[in-house]
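Per-entry structural report
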Amino acid sequence: MNILGIETSCDETAASVITDRKRVLSNIVLSQDEIHSPYGGIVPELASRNHVISINFILEESLERAGIKIKDIDLISVTQGPGLIGSLLVGLSFAKGLAYTLEKPLIPVDHLEAHIHSAFIENEDIPFPALVLLVSGGHTSLYLMRKKLDCKVLGKTRDDAAGEALDKIAKFLDIGYPGGPLIEKLSLGGNTQEFDFALPKMTDQSLDFSFSGFKTAALRHIKKNNLNKKSSRLKDFLASFEHSVVRALISRLKKAASKHFPESLILCGGVARNKRLREYFTELAEEKGLHSFIPSHEFCTDNAAMVAALALEKYNKGDKGELSLDLNAYARSPH
Amino acid sequence: MLKRHFITRSEKETIFFAEKMALEFRGEEIVLLTGGLGAGKTVFAKGIALGLGLENINQVCSPSYTILNVYKAKYDIYHFDFYRLNRAETEDLGWEDHIGSGVILMEWAEKINYKGRAIRIKIEIGEKEERIFEIES
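Residue indices begin from 1 for each chain and proceed along its sequence in written order. The lettering of chains begins at A and the numbering of ligands begins at 1, in the order of writing. Under the rules for a predicted model, residues below a pLDDT of 70 receive no local features and side-chain atom pairs below 80 are neither given nor counted, while totals for whole chains, interfaces and linings still include all residues. Hydrogen atoms and water are omitted, and side-chain values are computed over all heavy atoms in the structure.

Counting from both sides, the interface comprises 28 residues of chain A and, opposite them, 21 residues of chain B. When two parts are put together, the accessible area they lose, computed with a 1.4 Å probe and summed over both, is reported as buried area. Taken over both partners, the interface formed by chain A and chain B buries close to 2,200 Å², and the fraction arising from carbon and sulfur atoms is 53%. For salt bridges, the criterion is a side-chain nitrogen of Lys or Arg within 4 Å of an Asp or Glu carboxyl oxygen. Inspection of the region where chain A meets chain B yields one salt bridge. Between Glu129(B) and Arg220(A) there is a salt bridge, with its nearest N and O atoms 3.2 Å apart. As used in this structure description, the phrase polar contact means that two N or O atoms lie within 3.5 Å; if the pair is within protein, one of them must be able to donate a hydrogen and the other to accept it, and residues adjacent in sequence are counted only when both atoms belong to side chains. Run the count over chain A and chain B and you get seven residue pairs in polar contact (both at pLDDT 80 or more). By the criteria applied, helices consist of DSSP H or I runs no shorter than four residues and strands consist of E runs no shorter than two, each listed in order from the N terminus. Taken together, the elements giving at least two residues each to the side of chain A that touches chain B come down to α2 (44–66), α6 (162–172) and α8 (212–224) of chain A. Examining the composition of the side of chain A that touches chain B, we find that five residues originate from one element, α6(A), more than from any other. Residue composition of the side of chain A that touches chain B, by class: eleven nonpolar, five polar and twelve charged. In what follows, a contact means two residues having at least one pair of non-hydrogen atoms within 4.5 Å. Residue type decides the class: Asp, Glu, Lys and Arg count as charged, Ala, Val, Leu, Ile, Met, Phe, Trp, Tyr, Cys and Pro as nonpolar, and the leftover types, Gly among them, as polar.

Moving on: the layout of surface pockets. Using protein atoms alone on a 1 Å grid, points that fit a 1.4 Å probe yet trap it form a cavity, whereas open point sets bounded by protein on both sides within 12 Å along at least five of seven lines form a pocket; residues with an atom within 4 Å of a point count as lining. Grid points are joined across faces, edges and corners, and a volume is the space filled by probe spheres set on the points. Its boundaries defined by the atoms lining it, the largest pocket holds a volume of some 1,400 Å³. Along the walls of the largest pocket sit 47 residues, with Ser210(A), Ser212(A), Gly213(A), Glu11(B) and Val43(B) positioned nearest its centre. Broken down by secondary-structure element, the contributors of at least two residues to the lining of the largest pocket are α8 of chain A together with α1 (11–22) and α2 (41–51) of chain B. Considering each element in turn, the lining of the largest pocket owes the most residues, nine residues, to α8(A). Counted by class, the lining of the largest pocket contains 14 nonpolar, 15 polar and 18 charged residues.

With that settled, the discussion passes to the pattern of salt bridges. Between side chains of opposite charge, pairing is possible as soon as their charged atoms come close. In the structure shown here, the tally under the stated rule is 18 salt bridges over all chains. The network of salt bridges with common partners includes Lys22(A), Glu124(A), Lys148(A), Glu313(A) and Lys317(A).

The term nonpolar core refers to a set of buried residues drawn from Ala, Val, Leu, Ile, Met, Phe, Trp, Tyr and Cys, joined through side-chain atoms within 4.5 Å. Each residue's exposure class comes from its accessible area (1.4 Å probe, protein chains only) as a fraction of the maximum for that residue type: buried when under 20%, exposed when over 50%, partly exposed otherwise. Ranked by size, the top nonpolar core spans 67 residues in total, and within it Phe211(A), Phe237(A), Phe241(A), Leu253(A), Phe82(B) and Met106(B) carry the most contacts. With twelve residues, the top contributor of residues to this core is helix α9 (residues 234–260) of chain A. Domain extents, as shown, originate in an automatic or database domain assignment. Split by domain, this core shows at least three residues from each of two domains, domain 1 (2–116 + 299–316) and domain 2 (126–294) of chain A. Beyond its immediate sequence surroundings of up to four residues, Phe237(A) is in contact with Ile169(A), Leu173(A), Phe195(A), Phe197(A), Ala218(A), His221(A), Ile222(A) and Leu227(A). Ala18(B), Ala22(B), Val43(B) and Leu52(B) belong to the second-largest nonpolar core, a separate cluster that totals 27 residues.

A word on the sheet that holds strand β3 (residues 24–31) of chain A. Two modes of strand pairing occur in sheets, parallel and antiparallel, and in both the strands are linked by backbone hydrogen bonds. Residue and element names in this part refer to chain A. On the basis of which strands lie adjacent, the open sheet formed by five strands has the order β3-β2-β1-β4-β5 and mixed pairing. What marks the edges here is a single partner per strand, and that holds for β3 and β5 (106–110). Direction aside, the axes of adjacent strands within the sheet are offset by 15° on average. Strand pairing is defined by DSSP finding a minimum of two bridges between the two strands. Bridge analysis of strand β1 (residues 2–7) against strand β4 (residues 75–81) gives four bridges, and the strand direction is parallel. Counterpart to Gly5 in the pairing with β4 is Ser77. Think of each axis as a best-fit line through the C-alpha atoms, taken over the contacting stretch in the case of a helix, with angles from 0 to 180 degrees between the N-to-C directions.

All names here are of chain B. Within the fold, His79 resides in strand β4 (residues 76–81). Since its relative accessible area comes to 0%, His79 is described here as buried. At a separation of 2.8 Å, a polar atom in the side chain of His79 contacts the side chain of Glu107. Once residues lying within four places of it in the same chain are set aside, the contact partners of His79 are Thr42, Ala45, Val60, Cys61, Pro63, Ile67, Leu68, Asn69, Tyr71, Leu105 and Glu107.

This part takes up the packing of α6(A) against helix α7 (residues 179–186) of chain A. Residue and element names in this part refer to chain A. In the contact formed by α6 and α7, the axes pass within 8 Å of each other and the chain directions differ by 70°. One finds that α6 runs roughly perpendicular with respect to α7. The two elements α6 and α7 cross, and the hand of that crossing is left-handed. When α6 is examined against α7, the residues Leu166, Asp167 and Ala170 are found in contact with a partner set consisting of Gly179, Gly180 and Ile183. Relative orientations are named as follows: roughly parallel for angles under 35 degrees, roughly antiparallel for angles over 145 degrees, roughly perpendicular for angles from 65 to 115 degrees, and oblique for any other angle. In a left-handed crossing the near helix is turned counterclockwise from the far helix by less than a right angle, and in a right-handed crossing that turn is clockwise.

What follows deals with unusual backbone geometry. All names here are of chain A. Pro82 follows Gly81 through a cis peptide bond whose omega is -10°. Relative to the helices and strands, Pro82 is located in the loop between β4 and α3 (85–102). That bond from Phe128 to Pro129 is cis: its omega, -5°, falls within 30 degrees of zero. Checked against the element boundaries, Pro129 lands in the loop between α5 (119–122) and β6 (130–135).

Residues enter patches when their relative accessible area tops 30% and they take part in no salt bridge; the joining distance is 9 Å for like charges and 5 Å for the nonpolar side chains Val, Leu, Ile, Met, Phe, Trp and Tyr. Only the protein chains shown count as cover for residues, with accessible areas throughout obtained via the Shrake-Rupley method and a probe of 1.4 Å. Just so you know, the count uses Lys and Arg for positive and Asp and Glu for negative, and it drops His and the chain ends. The atoms used to mark charge sites are NZ of Lys, CZ of Arg, CG of Asp and CD of Glu. Residues Glu91(B), Asp92(B), Glu96(B) and Asp97(B) make up a contiguous surface patch of negative charge. Following the sequence through the fold, Asp97(B) ends up in the loop between α3 (87–93) and β5 (103–107).

All names here are of chain B. The sheet contact formed by strand β1 (residues 3–8) and strand β7 (residues 131–136) spans six bridges and is antiparallel. Considered in β7, the bridge of Phe6 is made with Phe133. Two elements, strand β6 (residues 119–125) and β7, share six bridges in a ladder whose sense is antiparallel. Bridge pairing links Ile121 to Ile135 in β7. Connecting β6 to the antiparallel partner β7 that follows it, the hairpin turn spans five residues, and Lys128 within it adopts a positive phi of roughly 50°.

Another aspect to go through is α3(A). All names here are of chain A. Its 18 residues place the ends of α3 26 Å apart at the C-alpha level, agreeing with the 26 Å of an ideal helix rising 1.5 Å per residue. Taken together, the buried positions of α3 are occupied by Ser87, Leu88, Val90, Gly91, Leu92, Phe94, Ala95, Lys96, Leu98 and Ala99. Where α3 ends, the next residue or the one after it, Glu103, has phi of about 55°, a positive value. A helix is expected to span 1.5 Å for every residue after the first.

Quick look at the structure:
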């Protein structure tokens, strides 16, 4: 059985073919980073137009790499949301058209649930319960997972997402886009203790995140020390900033771990490629004596293999998909 | 056109100030927020939502990524953020379609050129936690 996944929720156009044994036959991602980088961020209208241009080619490429023909596809899956509404609609309409023509079932999936499920592509047996930290440009959330497909939100951001805070400061300093990887590169070897960022205080017992305070503190440091992209202290500043954002993420995970006694920790989403985050995450798991799982880079960033993998899981649990054409793209997650 | 100034000294004060303002809303207001990074536009939006009776204002978060968040309170709240858009895109977006169907809150309103009736709020960062509001309505 071959499962086709399609993902267009933000600026990546992606298609992937996996088998029912979870072998990833192809995983094609076309990133629009280069198109968007002069603007210092994703430009939504540009994003949906580019999805329209590239989706056909990406599908063909994914079939060719997988070594199969379109008629060999048995199940189609697509990201339904959340994301940019225009971008989502491109993938969804395309997938509906395919399902209709090929007369194959179509399973819509949630983008965040797919990210969470990405950990299972390479690891079938993750001990439960598991705590999941999902960090990306647009999302920062913490989940408790009792078994596959069973996720409960423990906390999410009350203002900016972690990746968004990194992107905004990078843009402010005119470093470029996407901000996260550039900050990681430019902060290499910098002193993380040089600039002070206080951890946000949550007055209640919640496991929510907040990053707007860091953003304001960063701006204050920039102004006070006259920092710009050519400053000699830029390296230390970026190291301190990145360290603080990562520390805030890990401290929430740690708090959740002492409350919910998990067997495993999972780190996923685009920001999970960040080296410092991976390091602190692994340290926490070792300190607590827990199993830890981080998907490979290609499954952390937005991709379609995670979409196909989640759809397969749902299919195996009895979800037979639908051929009706009344699926609607939604921008906000119900989670 | 009435112009007035107001100063707050903490996030809490900003929320309280916005909440009080929103208590007098009748459901069709357009609030245009301008001010740089970290000025407190999202915090102000939280206060407005609180004043409009939204139960959990933690769900009011930055729409920089999603462009639009919708909350169901006493009136529907359309929370826009044009941080990532250029002028041509804001013109294509059709945000005006929501005028009259709820309260519109807009962050990075400097990206649009709207001449109609609106509450225009400019936020500047002062000393320490201070925020200076210039309100035009």
